[in-house]
Amino acid sequence: MKLSLIASLAAPVMICCASTMAQLTIDGTCEAGYGNPKASQVVHTGFGNATDGVNSYANGSELDAAYIKIDAANGYLYVFMSGNLESNFNKLDMFIDSVPGEGQNELRSDNADIDYNGLNTMGRGPALDAAGAPILDSQGNPVIYNGLKFDDGFAADFCLMTTLGGNPVTQYANIAQVLTNGGGVGAFIGSGAFSGPTGVNLLDDQVYGCQLSISNANIGGVSGDSANPGSGCGVVTGIEMKIPLVLLAWDGASDIKVCAFINGNGHNYVSNQVLGSLAVGTGNLGGDGAGGYFGGFPGALRGVNFASIPGDQYFSVFGPDACGFCYGDLDGSGEVDSGDVSLCLLSTGPCQ
Ligand SMILES: [Ca+2]
Ligand SMILES: [Ca+2]
Ligand SMILES: [Ca+2]
């Protein structure tokens with residue numbers, strides 16, 4: 001009797017585990033199979049707090065939390081970013097570090113030309129004048145603008161950019177290799193239109209095998225108020241994607257790290273919605289790291305250096321869970337740190 005009970009309990013558990021990955025559907029809704037988030041947002045959004053509450057269009061962008069899952073058996077990386085992507089062609093720019101010892105810690109400007117050269121707009125290269133001629137310094141040497149710099153220990157090997165807009169509301173995406181010495185292959189991977197405000201979209205890339213979907217239904221998560229930012233924990237809709245591991249040149253064992261941020265529609269003005277999160281109260285980074293705009297090509301983000309910003313502006317498969325229950329972890333970042341102290345100080349005063 002006891003043995004048969006164990007056997008009958010064991011059987012459904014095994015079915016459950018074997019089918020966990022099959023339960024991840026690219027539909028903009030986060031399934032339980034993702035497990036716990038690996039990063040959560042503690043910063044109010046500087047790109048508009050979404051209030052529309054429908055799947056397709058949205059009047060703001062925020063990255064509330066990040067989930068990441070490797071399905072090695074079937075060869076896919078799943079990433080879910082809960083939150084919203086405004087339907088005004090602002091961008092979700094996502095970089096993946098999947099090959100140890102390779103990739104770009106500072107973006108170059110000689111990568112594949114994707115999304116109107118948006119990837120290279122963020123990269124390092126010679127300053128050009130309005131006529132496209134190199135700008136020289138007082139010594140007669142070319143002025144070189146920095147590229148966007150990631151944290152120490154993060155060197156991007158792959159880039160995925162996605163955006164949303166138009167009528168009917170449609171999602172578009174581009175991918176590119178980010179190779180140590182530049183060059184590489186990139187491609188526009190298609191579009192996924194919504195049938196209506198409450199429909200579900202799917203961008204199904206038949207060439208490279210990526211799939212993406214968005215649900216903009218979230219009206220919770222972080223707010224647009226720096227004094228009461230709220231938390232990104234608990235949001236279950238957002239931007240979902242599935243990327244073949246072969247595109248990432250993954251070795252089958254190493255950690256996979258992701259840095260993601262909402263950027264302006266020309267990939268030249270970084271918001272304050274970055275995961276891993278910036279510090280509580282941080283404003284948009286812009287191009288100069290403090291909310292100022294440079295624009296141009298290359299070096300449009302030459303002041304954005306995640307290595308100089310406290311904390312890791314990336315999350316990873318092997319990293320600690322976020323949004324855990326931990327006394328004192330007020331911002332749900334998974335540890336009690338300066339962010340919690342900041343939240344506490346921002347809340348100073350009599351309780352309601
Ligand atoms: Ca899903
Ligand atoms: Ca919100
Ligand atoms: Ca950092």
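Scope of this entry: the structure provided in the associated data block. Just so it is clear, the structure is predicted and the values come from calculations on it, not from any experiment.

Turning to the coordination of the calcium ion (ligand 2), a few remarks are in order. Taken together, Asn49 (OD1), Glu62 (OE), Glu62 (OE), Gly220 (O) and Val222 (O) make up the protein donors of the calcium ion (ligand 2), found 2.3 to 2.6 Å from the metal. Motif for the calcium ion (ligand 2), donor spacing along one chain: N-x12-E-x157-G-x1-V. Of this pair, Glu62 sits in strand 2 (residues 62-71) while Gly220 is found in the loop between strand 11 (211-214) and strand 12 (238-244), placing the two residues 158 residues apart along the sequence.

In the structure shown here, the tally under the stated rule is 13 aromatic pairs. Ring centres of Phe95 and Phe261 lie 6.2 Å apart, and the angle between their planes is 25°; this geometry places the pair in the stacked category. Residue Phe95 is located in strand 4 (residues 91-97), and its partner Phe261 is located in strand 13 (residues 257-263); the two are separated by 166 residues in the primary sequence. Phe95 sits in the buried class, given a relative accessible area of 0%. By way of ring pairs, the aromatic residues Phe95, Phe150, Phe154, Phe261, Phe306 and Tyr314 are connected into one cluster. Here the basic side chain of Arg302 rests over the ring of Tyr145, its NZ or CZ set 3.5 Å away from the ring centre. The ring centre of Phe294 lies 3.8 Å from the NZ or CZ of Arg302, which sits over that ring.

Before going further, it helps to spend a moment on the coordination of the calcium ion (ligand 3). Looking at the calcium ion (ligand 3), the protein donor atoms are Asp151 (OD), Phe306 (O), Ile309 (O), Gly311 (O) and Gln313 (OE1), and they sit 2.1 to 2.4 Å from it. Every donor residue of the calcium ion (ligand 3) comes from the same chain, spaced as D-x154-F-x2-I-x1-G-x1-Q. Judged by its relative accessible area of 0%, Phe306 is buried.

Pairing in this open sheet of 6 strands is antiparallel, and the strands run 1-2-3-12-11-10 from one edge to the other. For this open sheet the edge positions go to strand 1 (39-40) and strand 10 (203-204), each flanked by a neighbour on one side alone. Alignment of strand 2 against strand 3 (residues 76-84), held across 9 bridges, turns out to be antiparallel. Paired with Ile70 across the two strands is Leu77, which belongs to strand 3.

Time to look at the nonpolar core. By size, the foremost hydrophobic cluster in this structure holds 39 residues, and its most contacted members are Leu77, Met81, Ile96, Met241 and Ile256. Counting residues per element, this core draws most heavily on strand 2, which supplies 4 residues. Residues within four places of Ile96 in sequence aside, it is in contact with Leu77, Phe154, Ala156, Asp157, Phe158, Ile243, Leu248, Ile256, Lys257 and Val258. Met122, Phe150, Ala156 and Val178 belong to the second largest nonpolar core, which has 29 residues in total.

Here we come to unusual backbone geometry. Along the chain, Asn167 connects to Pro168 via a cis peptide bond; the corresponding omega equals 5°. Along the polypeptide, Pro168 turns up in the loop between strand 7 (158-165) and strand 8 (170-177). For the bond running from Leu275 to Gly276, omega is -5°, close enough to zero to count as cis. With respect to the helices, strands and loops of the structure, Gly276 is situated in the loop between strand 14 (270-275) and strand 15 (315-316). Despite not being glycine, Phe89 has its phi angle at roughly 70°, a positive value. Along the chain, the position of Phe89 falls in the loop between strand 3 and strand 4. For Asp115, which is not a glycine, the phi torsion comes out positive at approximately 50°. Among the structural elements, Asp115 can be located in the loop between strand 4 and helix 2 (118-121).

What counts as what
- Residues numbered from 1 in each chain as written.
- Chains lettered and ligands numbered in written order.
- Predicted model: local features only at pLDDT ≥ 70, side-chain atom pairs only at ≥ 80, totals over all residues.
- Heavy atoms only, no water.
- Donors = N, O, S within 2.8 Å, 3.2 Å for Na, K, Ca; no water.
- Helix = DSSP H or I, 4+ residues; strand = E, 2+ residues; numbered from the N terminus.
- Phe/Tyr/Trp six-rings, centres within 6.5 Å; stacked < 30°, edge-to-face > 60°.
- Buried < 20%, exposed > 50% of the residue type's maximum accessible area, 1.4 Å probe, protein only.
- Lys NZ or Arg CZ within 6 Å of the ring centre and 35° of its normal.
- Pairing = 2+ DSSP bridges.
- Core = buried A, V, L, I, M, F, W, Y, C linked by side-chain atoms within 4.5 Å.
- Contact = heavy atoms within 4.5 Å.

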